[in-house]
Amino acid sequence: LRVESNAVQAPWRMHQQTFLNQLREITGINDIQVLQQALKDSNGNLELAVAFLTAKNAKVPQLEEATYYQTALPGNDRYISVGSQADTNVIDLTGDDKDDLQRAIALSLEESNRAFRETGITDEEQAISRVLEASIAENKASLKRTHPEVWSDSPNPYDRKRQDNCPVGLKNVGNTCWFSAVIQSLFNLLEFRRLVLNFNPPANAQDLPRNQKEHRNLPFMRELRYLFALLVGSKRKYVDPSRAVEILKDAFKSNDSQQVNSMYFQSSLCMFLWSYCNRKYPVFFRDGEKPKNPMVELFYGRFLAVGVLEGKKFENTEMFGQYPLQVNGFKDLHECLEAAMIEGEIESLHSENSAKSGQEHWFTELPPVLTFELSRFEFNQALGRPEKIHNKLEFPPILYLDRYMHKNREITRIKRDEIKRLKEYLTVLQQRLERYLSYGSGPKRFPLVDVLQYALEFASSKPVCTSPVDDLGASASASGLPSASWEQQGPSSSDVPSTSPVQRSVIHKPFTQSRIPPDLPMHPAPRHITEEELSVLEGCLHRWRTEVENDTRDLQESISRIHRTIELMYSDKTMVQVPYRLHAVLVHEGQANAGHYWAYIYDHHQNRWMKYNDISVTKSTWEELERDSFGGYRNASAYCLMYINDKEQYLIQEEFNKETGQILVGMDTLPSDLRDYVKEDNKRFEKELEEWDAELAQKTQQEKLLSQIPRAPAPSPAPAGEPEYLEQPSRTDISKHLKEDSVQAINKALAEQEDRGPEAIMDTAIKLEYTRLLKLAQEDPPPECDYRLRHAIVYFIQNQAPKKIIERTLLEQFGDHNLSFDERCRNIMKVAQAKLEMIKPDEVNMEEYERWHQDYRHFRETTMFLMVGLEFFQKKSYMEALLYLIYAYQNNKELLSKGPYRGHDEELISHYRRECLLKLNEHAAALFESGDDQEVNNGLIIMNELIVPCLPLLLVDEMEEKDIVAVEDMRNRWCSYLGQEMEPNLQEKLTDFLPKLLDCSTEIKGFNDPPKLPSYSTHELCERYARIMLSLSRTPADGR
């Protein structure tokens, strides 16, 4: 008996296996009969089915064992013959035996069906709407925050410019990382990309949308075309998908803000994307006729269900899109597939006389793009919420599906029987091996070979003739110490003064009383054993040990041999004809209620893996994919695998120009309307770049003009307390400290050459000053003495600045107007100024000169950020310390990118930045645990305004393992609350906050206004820096 499934029936009937899997995942109920009945009673409405199964007063239907298998027989409405339609419009509410829940379900079904007839929107699509609305609401809420954000988009458009032909990222517009992961996976399927880009909106009136559902499809497909076109040809590093998400949200009219399972939404999103072809390409499944819908041809396949019920065989065909697989209890993808393809007792499926029942699934037609949905979540009925499964599950880059094909079912059954027999034999061997490796009858067990070895060592030890206690007592007496009886008798009278009536307690002396006598054996030994007994015993133990070693080795080799046989069972040529290559892996990090999504996608032309994490698109490796996708490492694991038929090259093949035969790339692959759209967007971005360049050029020109203004002969000195280096008008930012250095050099030069003129004295002074600074630059001082802070030239020498830069800086120092207080110094100042004026523009590159001094100012500024941050840290003012340390780290990283001596110790700054975050996280968690509304809100403000915006900084460099571990510790601290009882308002706040904590991309955003820095002279800066660094050296580094 064989029945063909109709493709125009209700979606839940067409994808029944997917719906059953989702019900099992959400409710935690594994009884297939109960799930089947609930799905049937709710007419495929997942929400109603979940309510029916989880409501406390709901009556769980009790089905006979035969019910599930009878659904596959003719006449049952699970499988409707071609052209028939199940009637669900008539609802009976007259019976008295129905409870309130059943009446509500019936009313909801009636309302749902009426809404579908009127609008064309299904309940599944309304569920999609609820998730989208929640995501958009979160995005809008984030824009209306009253507290200022720590980060904002970089104002420099060059930070947002696409580098060469690097793939374009998608901006996260408010908990939409799932959208980015799915869209990027589909976009990188070139055949799917072509279908979307070449979609033609209806031009004729008769082709316009006829209902609300079609009104939804058309604008979304138009916006999706624009988004795909930007991903192809944009000059931006990433593009904004807000309009596509907004259109999706606006297309579904729902006031319910309830969220549904994220994985379910994504599978529904794919189905939604594919549905746009239904009107243009009607779907028909009849014998001998292939589907006309190109999306269905691309993503949908069919399998044959072969079943036996009490000796009666049946067959039916079902269509599938995403194929659901259970993860729990399996170690690799093939084990998941084997379990999914077999239900019940499979022995009866190919036996003539059996009353057992069972069912097998065999693929009859595989889609070019095969998607597996890994069920990484299960419902904890005790806690009443879903939990994530973190178990490790391996999957291969190439998957051979021959063993699951209907055409190979006979040979596969033979191989399965052989594997079953081998596994049974393997179990027996493993049990026998375990008896050798864990020998004994008590709670502690040991390898038998070790037990025999220990017995041999004991028997071979030197015999002793006394008990251990007597031997110890004799040794103690011989050494002049009290005998063993002292423990009962107490100390001797000689140890107690006669005048004292109180006995002195025994004092334990570890280096006298407890010393092991030299003749005491280190191990126990037999007291009496003859040479003959020892010879026999040694011979037996040696022989037994050898026998056990041989038996253990034989068992291990047999087990390894069986494992290899099982692994190679499907490796013959006939079973490797259907290869599927892994195209994309969608990863979820976090817990069941919250998390972050990204995708690993294979670049088939560059033969490498790429990681798509919102706006960040980076090269990756199979090793990184394994770490993040297999599970068991941190909280990240794959929840969706996309394989493509390795023989269908059109899926990933580039387009060719029909006339020239050349490959079309980039903008050439776009239709003319989309090419114009992308060009307009690129023009806007280019204009943004030009405006930025013009603004920079204007600033540079203003600085040049200011530098050419003649100096006043005798300006008033700066007020006391001003930051001398940072804010003095002098070009070299000279301070009093440098003025004193200059005067000392001049005095030394005058002492050496008293009779020489000002020019010769200046040359000598400059040489003396340079020699002094060179010596400082070459020293290796302790951390608290950083000579770079004393003089810019020390910094320049250590970083190999050009000689001309150093010479001009020295001339600026000696030509500064602050030296005009003395006649001799004034003469040298005039000589230095005259030499500066004689320097031609082509002799010293002034732009380079300004860059070096700007870098030095940046270094001093970074030093002050670090110093103030560490001072706040020592005062335990972690909130204030964090912001200074963040700026110190970011500025220092920029400096170190130019050279190893441009900045400070990166590990030191990283350590204290990390410690600030961890301590603030603990403080915020303690406030949350208090339960007080005000303190809970304060704790969440700390997390939202300080910690969450800073986490991407710790994640951007994946080589910093300590930072990654710290982020995991902070996330796990908050995820641990998911398993605890708490007030509903706390649960609501936690559920709202966790996605922000877990949804951390590695995007590095620009800073808002940095914290204000105090004003320090060079002397004060060096002194305070030395003080804080000395205090750190006296403080434990906590693992730094």
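Residues numbered from 1 in each chain as written. Predicted model: local features only at pLDDT ≥ 70, side-chain atom pairs only at ≥ 80, totals over all residues. Heavy atoms only, no water.

1. As for the overall build of the protein
(1) Moving on: Scanning the protein from terminus to terminus reveals 35 helices and 19 strands.
(2) Moving on: Relative to its 1040 residues, the protein shows a buried fraction of 48%.
(3) Moving on: Considering only contacts within the protein whose residues lie at least 6 apart along the sequence, 73% involve residues at least 24 apart.
(4) Moving on: As displayed, the protein offers around 53,400 Å² of accessible surface, 51% of which is attributable to carbon and sulfur atoms. (Helix = DSSP H or I, 4+ residues; strand = E, 2+ residues; numbered from the N terminus. Buried < 20%, exposed > 50% of the residue type's maximum accessible area, 1.4 Å probe, protein only. Contact = heavy atoms within 4.5 Å. Areas by Shrake-Rupley, 256 points an atom, 1.4 Å probe, with all protein chains shown as cover.)

2. Focus on the side chain of serine 620
(1) Moving on: Looking at the element boundaries, serine 620 is found in strand β17 (residues 616-620).
(2) Moving on: A polar side-chain atom of serine 620 sits 2.5 Å from a polar atom in the side chain of glutamate 624.
(3) Moving on: Not counting residues within four places of it along the chain, the set of residues in contact with serine 620 comprises Tyr600, Trp609, Met610 and Lys611. (Polar contact = N/O pair within 3.5 Å; in protein donor to acceptor, adjacent residues only side chain to side chain.)

3. Structural notes on the nonpolar core
(1) Moving on: Counting 97 residues, the largest nonpolar core has Phe796, Leu870 and Trp974 as the members making the most contacts within it.
(2) Moving on: At twelve residues, the largest contribution of residues to this core is made by helix α32 (residues 933-955).
(3) Moving on: One finds Ile183, Phe220, Ile601 and Cys640 within the second-largest nonpolar core, a separate group that totals 53 residues. (Core = buried A, V, L, I, M, F, W, Y, C linked by side-chain atoms within 4.5 Å.)

4. Topic: the packing of helix α29 (residues 846-874) against helix α30 (residues 878-896)
(1) Moving on: Where α29 contacts α30, the two axes come as close as 8 Å, and the packing angle between them is 150 degrees. Taken together, α29 and α30 sit at an angle that is classed as roughly antiparallel. As α29 runs across α30, the sense of the crossing is left-handed. In this structure, α29 uses Asp855, His858, Phe859, Glu861, Thr862, Phe865, Leu866, Val868, Gly869, Leu870, Phe872 and Phe873 to contact α30, whose residues at the interface are Tyr878, Glu880, Ala881, Tyr884, Leu885, Tyr887, Ala888, Asn891, Asn892, Glu894 and Leu895.
(2) Moving on: The residue inventory of the contact of α29 with α30, partitioned by class, reads 14 nonpolar, five polar and four charged. (Axes fitted to C-alpha atoms, helices over the stretch in contact; angles between N-to-C directions. Parallel < 35°, antiparallel > 145°, perpendicular 65-115°, else oblique. Left-handed = near helix turned anticlockwise from the far one by under 90°. Nonpolar A, V, L, I, M, F, W, Y, C, P; charged D, E, K, R; others polar.)

5. Brief notes about the pairing of strand β10 (residues 369-375)
(1) Moving on: In terms of burial, β10 is largely enclosed, as seven of its seven residues are buried.
(2) Moving on: Both faces of β10 are covered, namely the face carrying Val369, Thr371, Glu373 and Ser375 and the face carrying Leu370, Phe372 and Leu374.
(3) Moving on: The sheet contact formed by strand β7 (residues 322-326) and β10 spans five bridges and is parallel. Opposite glutamine 322, over in β10, you have threonine 371 as the bridge partner. (Pairing = 2+ DSSP bridges.)

6. What about the UniProt feature "coiled-coil region" (unreviewed entry) in the protein?
(1) Moving on: Mapped onto the present numbering, the UniProt feature "coiled-coil region" (unreviewed entry) falls on residues 675-702.
(2) Moving on: Here residues 675-702 runs as 100% helix and 0% strand, with 40 Å between its end C-alpha atoms. (UniProt positions renumbered as here; feature names shortened; annotations may be inferred.)

7. Let's talk about the pattern of salt bridges
(1) Moving on: In the structure shown here, the tally under the stated rule is 37 salt bridges.
(2) Moving on: Its salt-bridge partner being arginine 194, residue glutamate 191 comes within 3.1 Å of it at the nearest N-O pair. Taken together, the positions of glutamate 191 and arginine 194, both in helix α9 (residues 190-197) and three residues apart, correspond to about one turn of that helix.
(3) Moving on: Look at arginine 194 and you get buried, because its relative accessible area is 17%.
(4) Moving on: Taken together, the shared-partner salt bridges in this structure form one network comprising Arg236, Asp681 and Arg684. (Salt bridge = Lys/Arg side-chain N within 4 Å of Asp/Glu carboxyl O.)

8. Brief notes about the packing of aromatic side chains
(1) Moving on: Inspection of the entire model under this criterion finds 31 aromatic pairs.
(2) Moving on: An angle of 50 degrees between the planes, with centres 6.2 Å apart, marks the rings of phenylalanine 865 and tyrosine 884 as tilted. Of this pair, phenylalanine 865 sits in helix α29 while tyrosine 884 sits in helix α30, placing them 19 residues apart in sequence. Of the two residues examined, phenylalanine 865 and tyrosine 884, each falls in the buried class.
(3) Moving on: With a centroid separation of 5.6 Å and 25 degrees between ring planes, the pair formed by phenylalanine 865 and tyrosine 887 is classed as stacked. With phenylalanine 865 in helix α29 and tyrosine 887 in helix α30, the pair connects residues that are 22 residues apart, well separated along the chain.
(4) Moving on: By way of ring pairs, the aromatic residues Phe395, Tyr602, Trp609, Trp622 and Phe630 are connected into one cluster.
(5) Moving on: Seen from the ring of tryptophan 598, lysine 611 lies directly overhead, with NZ or CZ sitting 5.0 Å from the centre.
(6) Moving on: Lying across the ring of phenylalanine 872, lysine 875 places its NZ or CZ 5.8 Å from the centre. (Phe/Tyr/Trp six-rings, centres within 6.5 Å; stacked < 30°, edge-to-face > 60°. Lys NZ or Arg CZ within 6 Å of the ring centre and 35° of its normal.)

9. A few points about the pairing of strand β9 (residues 358-365)
(1) Moving on: Burial runs high along β9: six of the eight residues are buried.
(2) Moving on: Of the pairings in the sheet, the one linking strand β5 (residues 301-309) to β9 comprises seven bridges and is antiparallel in character. Paired with valine 306 across the bridge in β9 is glutamate 360.

10. With respect to the packing of helix α31 (residues 906-930) against α32
(1) Moving on: Direction vectors running N to C along α31 and α32 enclose 150 degrees, while the axes themselves pass 8 Å from each other. Regarding the angle of α31 to α32, the classification is roughly antiparallel. In this structure, α31 meets α32 at a crossing whose hand is left-handed. Counted together, Arg913, Leu917, Leu920, Asn921, His923, Ala924, Leu927, Phe928 and Ser930 of α31 and Glu935, Val936, Asn938, Gly939, Leu940, Ile942, Met943, Leu946, Ile947, Cys950, Leu953 and Leu954 of α32 form the full contact between these two elements.

11. Some thoughts on a nonpolar patch on the surface
(1) Moving on: Taken together, the side chains of Phe656, Ile663 and Val665 define a hydrophobic patch exposed on the protein surface, amounting to about 280 Å² of accessible area.
(2) Moving on: Mapped onto the secondary structure, phenylalanine 656 falls in the loop between β18 (636-645) and α22 (672-708).
(3) Moving on: On the basis of relative accessible area, phenylalanine 656 is assigned to the partly exposed category, the value being 42%. (Patch = residues over 30% accessible without salt bridge, like charges linked within 9 Å, V, L, I, M, F, W, Y side chains within 5 Å.)

12. A word on the side chain of asparagine 408
(1) Moving on: Its place among the elements puts asparagine 408 in the loop between β13 (398-400) and α16 (409-437).
(2) Moving on: In this structure, asparagine 408 is in contact with Asp402 and Met575, ignoring residues within four places of it in sequence.

13. Here's the deal with α29
(1) Moving on: In a regular helix each residue adds 1.5 Å, so 29 residues correspond to 42 Å; α29 covers 42 Å between its end C-alpha atoms and thus fits that length.
(2) Moving on: The N-terminus of α29 is capped by asparagine 845, whose side-chain oxygen sits 3.0 Å from the backbone nitrogen of glutamate 847. (Expected span 1.5 Å × (residues − 1).)

14. Topic: the confidence of the model for the protein
(1) Moving on: For the protein, the mean per-residue pLDDT works out to 74, and 68% of the residues sit at or above 70.
(2) Moving on: Mean pLDDT across the elements of the protein ranges from a minimum in helix α5 (residues 66-70), with 36, to a maximum in β13, with 94.
(3) Moving on: Here residues 282-288 scores under 50 on pLDDT; set against residues more than four positions off or in separate chains, the count is 17 contacts.
(4) Moving on: The low-confidence segment residues 711-734, where pLDDT is below 50, has 43 contacts with residues more than four positions distant or belonging to other chains. (pLDDT = per-residue confidence, 0-100.)

15. So, a negative patch on the surface
(1) Moving on: The grouping of Glu547, Asp551, Asp554 and Glu557 at the surface amounts to a negative patch.
(2) Moving on: Structurally, glutamate 547 is set in helix α20 (residues 531-567). (Lys, Arg positive; Asp, Glu negative; His and termini not counted. Charge placed at Lys NZ, Arg CZ, Asp CG, Glu CD.)

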